[in-house]
Structures are given as structure tokens and as C-alpha cells.
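Okay, here's what each chain looks like letter by letter:
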Amino acid sequence: SAVMSELYPAILDNHHFMLDVDDTHSIYVEESGTQEGTPVIYLHGGPGSGSSPFMRRLFDPEKYRVVLFDQRGAGQSTPHAETRNNSTQDLISDMERIRERLNIDRWVVAGGSWGSTLALAYAQTHPERVMGLIVRGIFLGTSAEVNWFYEAGGASQFFPDYWEDYIAPIPEAERDNMLLAYDKRLTGDNEIARMGAAKAWSTWEGRTLSINPTPAMINHFSDPRTALSVACLEAHYFMNDCFFEDNQLLANADKIKDIPGYIIHGRYDMICQVKQAFDLHKVWPLADLNIIPATGHAASEAGIVSALIEAGNGMLEKLKDDKS
């Protein structure tokens, strides 16, 4: 497809390893590209969706040292879909462990959707470790954003047919708080109800992800293993307000004001609204804001892929200018 031809060629990782981060969790980490290149860590979304080989292909492998990892409970990290000891602060400290283990002093931090949330939270916690930020499909971790997508009256207005399937596992009496109702089932002991809820939750996301969702995209989200980690971890994080103070990421934007960056967002993103990108740019004007026409939320949409690749190359130029 046209999208795939824009990406850098498919490459294998140079090496990967499991990193024990506490008594419960062991996380999967990999590196690709060139060891001498500018280090970049790309953060996957969800929480719970895991990294993919596609993410290696967003960066020039002759100029970047690309680090990917599966966040706690996601992808190849173990235990799968585990919510204990799983918070935003835990993930930030995992990133620091990875950085130290790989002997990286400073790196570019990139990510989409929940990955943008984690990138911003990490950069605000450790600004001295971040050379640049590339964030896409901005999610600021607020209850208003969660309500837009998971409760009636927001995204449901655009997808009333898919919404019916999303609310189906929840009895009518509980539908005034979908997040709570889903969390109850996802943390319950009934394995069949848990899996049914996970699939319905995750399928809703897969169907609304892109302006033209492909069967492959929807199948990825409704795959039982992915569905379980995405649904359980998202519900866990959202029940805990993503472990943030109210409006934390915008309130603390002064901590990243000197970090060069790119903010990329699809104009018709129905999962994360474009206003979030706009609001972020207002408090972080040093970043370039790029609103992509005729696209939704998926990283794999043509205009978004181009913007991510341009941002990766543009970042190298920005960093060169910083040095001179």
C-alpha cells in the first residue's frame, strides 16, 4: 500500500531482552537502527496495546537508535494484562531503568495516543533527559476525554451502530457509568464475562480508530490476547484518572517549554479530539503543530505516517541547530 511504501524498510531488531522491573513485572525491550544514532524511544498506546515492528519503520535506521518496549502488562511483557503495580509513575521509572541499562544520557521521546500521554508525563518528570518530543493523537488523561469516548453523548453520536455493540454487555441499569460497569466485569472472577467485556471494549476502539478502518485493524483489537490487555489496562488507568492530578499535563507544560517538538493530530480523530492538540500547542508553542486533514486516530493512516516520518527527520535538523 501507499502507506507502507512511505515507511523505512522493514528491519529486525538488533537485540531484545526482558528487564525485571519489580517482583511482579518483567518488560520486553528491543533496539533497532544504528548504535551510533540519535536515541529515540517510541511509546505505544492503550495502555495495553504493545509495541509493533511498524514502529521501527518510522525512523531513519541509519540515523536513529530506536528503542521500543512493551509497557507493564502489554505485548510480550509479563504477566499479561496485570494491573497490580501498574501506574503512570511505574512506567516512567521503567523508562529510566531502560535508559540507564542502555547507557543513554538523553533521548528523543515519541509516542501516539496513550503513548503521547506517557511521553509528556515522562518529559515533565525528567526534562533534562529529553532532547525532543514527537507526540501524536494527543490524549491528556482527563476524565472529560475518557467520558467523550466511553460514556454516552460523545463519540457515540458519530457511531450509534457500533455504540450498540459496545453497550451490549452492560445491563441497562448500569449504563449511566459505562467505565465503572466495564471495570467491574474486567476485574471480576467470571472469565467468560471478562473476555466478552474485553472484546466489546476493544472492538469499539478498533472500529473508531481510523477514518477508514480496515478489517485487519479491527481484528487486531478484537484478538482475545490484545483485547484483554487493552481493556483491562485502559479501564484500570481510567478508573484512576491515569494517576494524574487534574489537568496535570497542561498545568505543568512550563517544564517542557524549551524542548523542541512536534504535535501531530488527525482532524477527524474520534477517539482523541483535535482540541487536545490545539490546547497543548498553546502552552507549548515551541512545538510544531500539524493537524492532518481527512484522517482519524490511527498511526497507520497515510497523512499521519508521512507526518511522523517528517517529524523524525525534522527533529534531527532541530537537534543539529541546537548544537551549532
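Residues numbered from 1 in each chain as written. Predicted model: local features only at pLDDT ≥ 70, side-chain atom pairs only at ≥ 80, totals over all residues. Heavy atoms only, no water.

### Some remarks on the overall build of the protein chain
Here is step 1 of the chain: Scanning the protein chain from N- to C-terminus turns up 12 helices and 8 strands.
Here is step 2 of the chain: Structurally, the protein chain occupies a C-alpha span of about 65 × 45 × 40 Å along its principal axes.
Here is step 3 of the chain: Every one of the 324 residues in the protein chain was classed for burial, and the buried ones make up 60%.
Here is step 4 of the chain: Carbon and sulfur atoms make up 51% of the accessible area of the protein chain, which totals about 13,500 Å².
Here is step 5 of the chain: The average position of the 27 basic charges and that of the 45 acidic charges among the side chains of the protein chain differ by 3 Å. (Helix = DSSP H or I, 4+ residues; strand = E, 2+ residues; numbered from the N terminus. Buried < 20%, exposed > 50% of the residue type's maximum accessible area, 1.4 Å probe, protein only. Areas by Shrake-Rupley, 256 points an atom, 1.4 Å probe, with all protein chains shown as cover. Lys, Arg positive; Asp, Glu negative; His and termini not counted. Charge placed at Lys NZ, Arg CZ, Asp CG, Glu CD.)

### Description of the environment of isoleucine 92
Here is step 1 of the chain: On the secondary structure map, isoleucine 92 appears in helix 2 (residues 88-101).
Here is step 2 of the chain: Sequence separation between isoleucine 92 and leucine 118 is 26 residues; the distance between their C-alpha atoms is 7.5 Å.

### Notes on the pattern of salt bridges
Here is step 1 of the chain: By the definition in use, this model includes 18 salt bridges.
Here is step 2 of the chain: The partner of glutamate 174 in a salt bridge is arginine 185, and the shortest N-O contact between them spans 2.8 Å. In this pair, glutamate 174 is assigned in the loop between helix 5 (160-167) and helix 6 (178-186) and arginine 185 in helix 6, connecting sequence segments 11 residues apart.
Here is step 3 of the chain: Ionic pairing is found between lysine 318 and aspartate 288, a salt bridge with its closest N-O pair at 3.3 Å. One end of the pair, lysine 318, is in helix 12 (residues 302-323); the other, aspartate 288, is in strand 8 (residues 288-292), with 30 residues separating them in the sequence.
Here is step 4 of the chain: A cluster of three or more residues bridged by salt bridges with shared partners is formed by Asp22, Arg72, Asp94 and Arg97. (Salt bridge = Lys/Arg side-chain N within 4 Å of Asp/Glu carboxyl O.)

### Looking at the state of the cysteines
Here is step 1 of the chain: Under the counting rule described, the total for this entry stands at 0 disulfides.
Here is step 2 of the chain: Cysteine cysteine 242 shares no disulfide, and the gap to the nearest cysteine sulfur, in cysteine 272, comes to 10 Å. (Disulfide = S-S within 2.5 Å.)

### Some thoughts on the packing of aromatic side chains
Here is step 1 of the chain: The tally for this structure, following the rule as stated, stands at 20 aromatic pairs.
Here is step 2 of the chain: Judged by centre distance (5.1 Å) and plane angle (65 degrees), the rings of tryptophan 114 and tyrosine 237 are edge-to-face. Here tryptophan 114 is found in helix 3 (residues 114-125), whereas its partner tyrosine 237 is found in helix 9 (residues 224-239), with 123 residues between them in sequence. Comparing tryptophan 114 with tyrosine 237, the two get one shared label, buried.
Here is step 3 of the chain: Here the aromatic rings of tryptophan 163 and tryptophan 204 are separated by 5.2 Å at their centres, their planes lie at 70 degrees, and the arrangement is edge-to-face. Remark: tryptophan 204 occurs in helix 7 (residues 191-208) and tryptophan 163 occurs in helix 5; sequence separation between them is 41 residues.
Here is step 4 of the chain: Take tryptophan 204: its relative accessible area is 1%, and that puts it in the buried class.
Here is step 5 of the chain: Taken together through their ring pairs, the aromatic side chains of Phe139, Phe149, Tyr150, Phe159, Tyr162, Trp163, Tyr166, Tyr182, Trp201, Trp204 and Phe238 make up a single cluster.
Here is step 6 of the chain: Positioned over the ring face of phenylalanine 17 is arginine 101, at 4.2 Å from the centre of the ring.
Here is step 7 of the chain: Lying across the ring of tyrosine 262, lysine 318 places its NZ or CZ 5.0 Å from the centre. (Phe/Tyr/Trp six-rings, centres within 6.5 Å; stacked < 30°, edge-to-face > 60°. Lys NZ or Arg CZ within 6 Å of the ring centre and 35° of its normal.)

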